[in-house]
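As a plain string of letters, each chain reads:
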Amino acid sequence: MERPEVVLVLNTGGGTVTGYGLAAAQLTRIRDAGIKLTICVEQVAASGGYMMACVADRLVASPFAVLGSIGVISEVPNLYERLKKEGIEFQTITAGKFKRTLTPTKKIEKADVEKSTRDIEDVLTLFKGFVKSQRPGLDIDDVATGETWFGEDAMNKGLCDALQTTDDVLLQLLSDGKEIFS
């Protein structure tokens, strides 16, 4: 009997590492159950979206889809100086040396920036390791720069396996005699 297949249409620019990491783990369950997983990226699979997409047995992107953005970002606006100027003192009580590092209301200390930098570098290491484990032929140091690539350039980098639209993939499955359910 032929192996069943799931075709998933994916379009996302990413988000939290915890949310997209969970989604990627759930997709690996499909593949681990012996079901072929084809992921079609119509417009974008960036950052966490690429984390999900890379688990596919076959990763297909439309010719102008954007893939990549393997990187990590952390942003926190800081209002400390403005609050101080207005005479507003904000108190935060914590237990644990690094319970709060960079926050909107705390004076930024060098140690806080260093700790936050180490934290996001650790997350990047995990992200790179996950992508590399899913796509072993990928030159991870070449693509884990936070950059994105369109269609053909993404395929040349090894970020996807083919350039086709979702309709092309489905029509090919139909012409191969497959049944399609949605």
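As the structure is a prediction and not an experimental result, all values here were calculated from the model. (Residues numbered from 1 in each chain as written. Predicted model: local features only at pLDDT ≥ 70, side-chain atom pairs only at ≥ 80, totals over all residues. Heavy atoms only, no water.)

## Quick word on the overall build of the protein
Logical step 1: Summing up its helical and strand segments, the protein has 7 helices and 6 strands in all.
Logical step 2: Here the protein has a C-alpha radius of gyration of 21 Å; the compact-globule value for 182 residues is 16 Å, and the former is much larger.
Logical step 3: Burial status across the protein gives 32% buried among its 182 residues.
Logical step 4: Relative to all contacts within the protein whose residues are 6 or more apart in sequence, the contacts with residues 24 or more apart total 65%. (Helix = DSSP H or I, 4+ residues; strand = E, 2+ residues; numbered from the N terminus. Rg over C-alpha atoms; globule rule 2.2 N^0.38 Å. Buried < 20%, exposed > 50% of the residue type's maximum accessible area, 1.4 Å probe, protein only. Contact = heavy atoms within 4.5 Å.)

## Things to note about the packing of aromatic side chains
Logical step 1: With the rule as written, the count across this model stands at 0 aromatic pairs.
Logical step 2: Positioned above the aromatic ring of phenylalanine 98, the side-chain terminus of lysine 115 is 5.5 Å from the ring centre. (Phe/Tyr/Trp six-rings, centres within 6.5 Å; stacked < 30°, edge-to-face > 60°. Lys NZ or Arg CZ within 6 Å of the ring centre and 35° of its normal.)

## Brief notes about the pattern of salt bridges
Logical step 1: What the rule picks out here adds up to 10 salt bridges.
Logical step 2: Here lysine 110 makes a salt bridge to glutamate 114, at a shortest N to O gap of 3.9 Å. Linking lysine 110 with glutamate 114, this pair stays in helix α4 (residues 110–134), spanning 4 residues, or about one helical turn.
Logical step 3: Owing to a relative accessible area of 67%, lysine 110 belongs among the exposed residues under this scheme. (Salt bridge = Lys/Arg side-chain N within 4 Å of Asp/Glu carboxyl O.)

## Focus: the environment of threonine 16
Logical step 1: Checked against the element boundaries, threonine 16 lands in the loop between β1 (5–12) and α1 (17–32).
Logical step 2: For the pair formed by threonine 16 and valine 72, sequence separation is 56 residues and the distance between their alpha carbons is 9.5 Å.
Logical step 3: Among the polar contacts made by the side chain of threonine 16, one reaches the main-chain amide nitrogen of glycine 19 at a distance of 3.1 Å. (Polar contact = N/O pair within 3.5 Å; in protein donor to acceptor, adjacent residues only side chain to side chain.)

## Structural notes on α1
Logical step 1: Taking 1.5 Å as the rise per residue, α1 with 16 residues should run 22 Å; its terminal C-alpha atoms sit 22 Å apart, in good agreement.
Logical step 2: Of all the positions in α1, only Tyr20, Ala24, Leu27 and Thr28 are classed as buried. Down the axis of α1, the smallest arc covering the buried residues is 105 degrees, so these residues share one side. Pointing more than 90 degrees away from the buried face of α1 are the exposed residues Thr18, Leu22, Arg29 and Asp32.
Logical step 3: Buried residues along α1 sit against β1, β2 (36–46), α2 (48–53) and α4.
Logical step 4: Looking at the residues trailing α1, positive phi occurs at glycine 34, about 90 degrees. (Expected span 1.5 Å × (residues − 1). Arc of directions from axis to C-beta.)

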